[in-house]
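So you can see what is in the structure, the chains are spelled out below.
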Amino acid sequence: MAERVIPLVDQRQAPLAARLPAAPVPATGRLTDALQRPLRDLRISVTDRCNFRCSYCMPKEVFHKDYPYLPHADLLTFEEITRLARQFVAHGVRKIRLTGGEPLLRKNIEVLVAQLAQLRTPGGEPVELALTTNGSLLARKARALKDAGLHRVTVSLDGLDDTVFRRMNDVDFPVAEVLAGIDAAQGAGLAPVKVNMVVKRGTNEQEILPMARHFRGTGTVLRFIEYMDVGATNGWRMDEVLPSAEIVRRVDAAFPLQALEPAAPGETAERWAYADGAGEIGVISSVTQAFCGSCNRARLSTEGRLYLCLFASNGHDLRSLLRGGASDADLASAIGHIWQGRGDRYSELRGQLAPDAGAGRRRVEMSYIGG
């Protein structure tokens, strides 16, 4: 294998201005982009910090003790987040996911959950609220999150073997505490709990079957994610990607599987049920089987930038509008105008790009806008 090279650069690029269009874009709940994809899913990063240093996300070589994280004044307040989220919901968003960094590091995160739980769609329905976490603080937070109005959690867990897990999180955190967090989430009713395992060839692929075996029959949905070329600091190489088709073959050989229909339009995971009724798994194949054509997700960064793709370089600065006196109608119009111009489909085009096509192109880091 080639030597791993990690560029030591700050990935937060200068934002794109979020301007008010000449013709207002009213919120009708039916907003679509340039490829006729609706806006249905909003992912909100509440912090750029994390207490893990996973090599595929926040490698210690870059995110060291002197790394310049965002100052607190730059972060959106809970009230600002809720105000923006209300405009997204008016445009058609039906699910909000809180991410990070590690979102449970944001002080009093349950207060934000309670505020978002009050949002209603134009039809009067509550918005689905979810949160993705590394699970390290989940055991102590699960009940408060549920009481505040959170519906479910997704936990990132890349293996059951304690040695493998400690090596991957790179802070010597024990897997037992993450498993305790999953149990606490199930006990609090944050169900169905989903567990995401990023599979990196040569690093943790031997954990696929132990993970499947452990979560079968528990009600927890295990999902395997192909190692992705997000950002520029994880040293991504195609030869470290284990295709989802191979993962399915391995699990099916031990525990026969049957294909399931997608749970909802725009679903990223391909679903498979255990033939004996012991639950299901999912595979997310953004490298080998792009699903850009149905992507209905927008991403809001910790400091209020709207990103239209996980692989984007720049975000649109909504915070300036928020703090510059814009009305709710202005905010809705700006969001609508940005989404209407969206044509992003990086994963579909990846295979057509020349090997050096991405050289010099600095994509935003996953830890900055969430997964």
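By convention here, each chain's residues receive numbers from 1 onward along its written sequence. Local features are withheld for residues below a pLDDT of 70 in this predicted model, meaning they are given only at 70 or higher, and side-chain atom pairs are given and counted only at 80 or more; totals for whole chains, interfaces and linings count all residues. The basis for every side-chain value is the complete set of non-hydrogen atoms in the structure, without hydrogens or water.

Some points on the packing of helix H3 (residues 138–148) against helix H5 (residues 175–188)
Step number 1: Structural elements are reduced to axes, namely lines fitted to C-alpha atoms, with helices fitted over the stretch in contact, and the angle between N-to-C directions of any two is expressed from 0 to 180 degrees. Only DSSP runs of H or I reaching four residues or more are called helices, and only runs of E reaching two or more are called strands; each is numbered from the N terminus. Look at H3 against H5: their axes get within 8 Å of each other, and the N-to-C directions meet at 20°. Taken together, the axes of H3 and H5 are roughly parallel relative to one another. Crossing of H3 against H5: the hand is right-handed. Taking contact as the criterion, the partners of Leu138, Ala139, Ala142, Arg143 and Lys146 in H3 are, on H5, Ala180, Gly181, Ile182, Ala184, Ala185, Gly187 and Ala188.
Step number 2: In the scheme used here, Gly and all other residues not listed as nonpolar or charged are polar, with Ala, Val, Leu, Ile, Met, Phe, Trp, Tyr, Cys and Pro taken as nonpolar and Asp, Glu, Lys and Arg as charged. Classifying every residue of the contact of H3 with H5 gives 8 nonpolar, 2 polar and 2 charged. Roughly parallel means an angle under 35 degrees; roughly antiparallel means over 145; roughly perpendicular covers 65 to 115; every other angle is labelled oblique. Definitions for this section: a left-handed crossing has its near helix turned counterclockwise from the far helix by less than a right angle. A right-handed crossing has that turn clockwise. Contacts are assigned to residue pairs that have any heavy atoms within 4.5 Å of one another.

As for the packing of aromatic side chains
Step number 1: Within 6.5 Å between ring centres, the rings of Phe, Tyr and Trp (the latter by its six-membered ring) count as paired, and their orientation is classed by plane angle as stacked under 30 degrees, edge-to-face over 60, tilted in between. In this structure the tally under the stated criterion is 5 aromatic pairs.
Step number 2: With a centroid separation of 4.9 Å and an interplanar angle of 70°, the aromatic rings of Tyr67 and Tyr69 are classed as edge-to-face.
Step number 3: Relative accessible area decides the class of each residue, using a 1.4 Å probe on protein chains only: under 20% of the type maximum gives buried, over 50% gives exposed, and in between gives partly exposed. Relative accessible area serves as the criterion here: at 15%, Tyr69 is assigned to the buried category.
Step number 4: By the ring-pair criterion, three or more aromatic residues cluster together here, those being Phe52, Phe165 and Phe173.
Step number 5: Any Lys NZ or Arg CZ found within 6 Å of a ring centre and within 35 degrees of that ring's normal is scored as a charge over the ring. Over the ring of Tyr274 we find Arg216; its NZ or CZ atom is 4.7 Å from the centre of that ring.

With respect to the nonpolar core
Step number 1: Think of a nonpolar core as a cluster: buried Ala, Val, Leu, Ile, Met, Phe, Trp, Tyr and Cys residues, connected wherever their side-chain atoms sit within 4.5 Å. The biggest cluster of nonpolar side chains holds 97 residues, and the ones touching the most others in it are Ile96, Leu98, Leu157, Phe224, Val251 and Leu318.
Step number 2: In this structure Phe224 touches Met197, Val199, Ile208, Ile247, Val251, Ile281, Gly282, Val283 and Ile284, once residues within four positions along its chain are discounted.
Step number 3: The next biggest cluster of nonpolar side chains, apart from the first, holds 9 residues, and it includes Tyr307, Cys309, Leu310 and Ile369.

What about the packing of helix H2 (residues 109–116) against H3?
Step number 1: Taken N-terminus to C-terminus, the directions of H2 and H3 make an angle of 20°; their axes are 8 Å apart at the nearest point. Relative to H3, the element H2 lies roughly parallel. As for the relative orientation of H2 and H3, their crossing is right-handed in sense. Residues Ile109, Glu110, Val113 and Ala114 of H2 form the contact with H3, whose own contacting residues are Lys141, Ala144, Leu145 and Ala148.
Step number 2: Looking at side-chain class alone, the contact of H2 with H3 contains 6 nonpolar, no polar and 2 charged residues.

Examining the state of the cysteines
Among covalent bonds in proteins, the disulfide is the one between the sulfur atoms of two cysteines.
Step number 1: The disulfide criterion is simple: two cysteine sulfur atoms within 2.5 Å. For the structure on display, the rule yields 0 disulfides.
Step number 2: There is no disulfide at Cys57, and the cysteine sulfur nearest it, in Cys54, is 6.6 Å away.
Step number 3: A residue is classified by how much of its surface remains accessible, and Cys57, at 17% relative accessible area, is buried.
Step number 4: Between Cys309, a cysteine without a disulfide, and Cys292, which holds the nearest cysteine sulfur, the sulfur-to-sulfur distance is 6.4 Å.
Step number 5: Here Cys309 falls in the buried class, since its relative accessible area comes to 13%.

Topic: helix H6 (residues 208–215)
For the α-helix, the turn length of 3.6 residues means that residues three or four positions removed from each other point alike.
Step number 1: For H6, every residue scored as buried is listed here: Ile208, Met211, Ala212 and Phe215. One side of H6 holds all its buried residues, which, seen down the axis, span an arc of 100°.
Step number 2: For H6, the secondary structure elements touched by its buried residues are H5, strand S6 (194–199), strand S7 (221–226), helix H7 (244–254) and strand S9 (270–274).
Step number 3: Positive phi appears at Gly217, one or two residues downstream of H6, with a value of about 75°. Summarising the geometry, the arc corresponds to the directions from the helix axis toward the C-beta atoms.

Examining the side chain of Arg152
Step number 1: On the secondary structure map, Arg152 appears in strand S5 (residues 152–156).
Step number 2: A polar contact of 2.9 Å, which involves the side chain of Arg152, links it to the side chain of Glu128.
Step number 3: Ignoring sequence-local partners within four residues, the contact set of Arg152 consists of Lys95, Arg97, Glu128, Leu129, Ala130, Leu131, Leu190, Ala191, Pro192 and Lys194. The definition of a polar contact used here is a pair of N or O atoms within 3.5 Å, where within protein one atom must be able to donate a hydrogen and the other to accept one, and adjacent residues in sequence count solely through side-chain atom pairs.

A look at the pattern of salt bridges
Step number 1: We count a salt bridge whenever a side-chain nitrogen from Lys or Arg sits within 4 Å of a carboxyl oxygen from Asp or Glu. The final tally for this structure, using the stated rule, is 21 salt bridges.
Step number 2: Note that Asp170 and Lys60 form a salt bridge whose closest N and O atoms lie 3.8 Å from each other. Note that Asp170 is positioned in the loop between helix H4 (162–169) and H5 and Lys60 in the loop between strand S2 (41–45) and helix H1 (78–91), a separation of 110 residues in sequence.
Step number 3: With its nearest N and O atoms 3.0 Å apart, the salt bridge here joins Arg250 to Glu246.

A closer look at H1
Step number 1: Its 14 residues give H1 an end-to-end C-alpha distance of 20 Å, which sits within 8% of 20 Å, the value for a rise of 1.5 Å per residue.
Step number 2: Most of H1 is tucked away: 10 of the 14 residues are buried.
Step number 3: Looking one or two residues past H1, Gly92 carries a phi angle of roughly 130°, positive in sign. Helices are assigned an expected span. That span is 1.5 Å times one less than the residue count.

Remarks on the environment of Gly123
Step number 1: Examined against the element boundaries, Gly123 turns out to sit in the loop between H2 and strand S4 (128–133).
Step number 2: Taking C-alpha positions, Gly123 is 9.8 Å from Ala90, a pair spaced 33 residues apart along the chain.

What about the pairing of strand S10 (residues 280–284)?
Step number 1: S10 sits mainly inside the fold: 4 of its 5 residues count as buried.
Step number 2: Between any two strands, pairing holds if DSSP finds at least two bridges. For S7 and S10, the ladder comprises 4 bridges, and the chain directions are parallel. Among the inter-strand pairings, Ile225 is bridged to a residue of S10, identified as Ile284.

Quick notes on the pairing of S9
Step number 1: Of all 5 residues in S9, 4 are buried; the element is thus mostly enclosed.
Step number 2: The pairing of strand S8 (residues 257–259) with S9 spans 3 bridges and is classified as antiparallel. Across the sheet, the residue bridging to Ala259 is Trp272, located in S9.
Step number 3: Between S9 and S10, which pair antiparallel in sequence order, lie 5 residues; one of them, Gly277, sits at a positive phi of approximately 85°.

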